[in-house]
Amino acid sequence: SEFTNRDDRPEPERYSVPRYELFRLGGREALRAIGENDDSIGTHEVHLTNEYFRPIFRNRDYRTGPLHWNTLYGLLYLGAGTVGFGFDTMTKTDQFVVDTGLGFEASIAVRDFDVILRVVWATTLKAPGCGEEDQTLDCRDLQGSKIRYSVRTVR
């Protein structure tokens with residue numbers, strides 16, 4: 001083995017819990033601007049997200065070719081949270097990540113199907129800086145922008 005001492009191993013490999021079972025700070029259901037790789041995982045995680053929906057139009061029938069746009073909402077998003085391998089990371093405010101975003105959610109009728117399309121563009125406002133000695137998260141995965149989308153159908 002390349003690591004002779006348990007403390008020499010990367011933090012996620014020091015636990016018997018598989019990586020896929022650890023908490024993730026980013027993703028579609030957490031902070032939207034954060035990537036979902038191993039640099040934003042931990043055994044302790046806390047996050048808060050809030051979305052504000054503003055109707056642009058409701059119960060309409062705007063036709064675009066075979067599509068019938070029924071409803072369109074504008075969306076504002078704000079999220080904050082942190083993740084780490086100890087309870088002490090929950091109290092370090094310099095390790096918190098804050099992100100914000102814009103998007104829309106639309107209901108579109110295509111033949112006999114209702115399609116619910118949701119698109120959110122999110123960007124990081126605050127993340128731990130690169131090069132800090134006590135940093136527990138990799139800043140490259142925490143800074144930047146992402147586009148998240150989901151498509152659901154109902155018949």
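Here, every reference points to the structure presented above.
Note that the coordinates shown come from a computational prediction; the quantities given were computed from them, not determined experimentally.

1. What to know about the side chain of Asp-99
Its location among the elements puts Asp-99 in strand S6 (residues 97-110). Arg-32 is the oppositely charged side chain nearest to the buried, salt-bridge-free Asp-99, at an N-O distance of 6.7 Å. Within the structure, the side chain of Asp-99 is placed 3.1 Å from the backbone nitrogen of Arg-32, a separation counted as a polar contact. At 2.9 Å, the side chain of Asp-99 forms a polar contact with the backbone nitrogen of Ala-33. When sequence neighbours within four positions are dropped, the list of residues in contact with Asp-99 reads Leu-31, Arg-32, Ala-33, Ile-34, Tyr-77, Leu-78, Gly-79, Ala-122, Thr-123, Thr-124 and Leu-125.

2. Here's the deal with the environment of Ala-33
As for its position among the elements, Ala-33 is in the loop between strand S1 (23-24) and strand S2 (41-42). In this structure Ala-33 comes out as buried when scored by relative accessible area, which is 1%. Sequence-wise, Ala-33 and Thr-100 are 67 residues apart; in three dimensions their C-alpha atoms are separated by 7.7 Å. Among residues more than four places away in sequence, those in contact with Ala-33 are Asp-99, Ala-122, Thr-123, Thr-124, Gly-144 and Lys-146.

3. Regarding the packing of aromatic side chains
Inspection of the entire model under this criterion finds 2 aromatic pairs. On the numbers, 6.3 Å between centres and 90° between planes, the contact of Phe-53 with Tyr-73 is edge-to-face. Pair noted here: Phe-53 is in strand S3 (residues 44-57) and Tyr-73 is in strand S5 (residues 67-84), with a separation of 20 residues, a long-range link. Residue class for Phe-53 comes out partly exposed when judged on its relative accessible area of 32%. Classification of Tyr-73 by relative accessible area gives partly exposed; the value is 24%. For the pair Phe-57 and Tyr-62, a centre-to-centre distance of 4.7 Å together with 80° between the ring planes defines the contact as edge-to-face. Taking relative accessible area as the criterion, Phe-57 reaches 15% and is therefore assigned buried. We classify Tyr-62 as partly exposed; its relative accessible area is 42%.

How each quantity is defined
- Residues numbered from 1 in each chain as written.
- Predicted model: local features only at pLDDT ≥ 70, side-chain atom pairs only at ≥ 80, totals over all residues.
- Heavy atoms only, no water.
- Helix = DSSP H or I, 4+ residues; strand = E, 2+ residues; numbered from the N terminus.
- Buried < 20%, exposed > 50% of the residue type's maximum accessible area, 1.4 Å probe, protein only.
- Lys, Arg positive; Asp, Glu negative; His and termini not counted.
- Salt bridge = Lys/Arg side-chain N within 4 Å of Asp/Glu carboxyl O.
- Polar contact = N/O pair within 3.5 Å; in protein donor to acceptor, adjacent residues only side chain to side chain.
- Contact = heavy atoms within 4.5 Å.
- Phe/Tyr/Trp six-rings, centres within 6.5 Å; stacked < 30°, edge-to-face > 60°.

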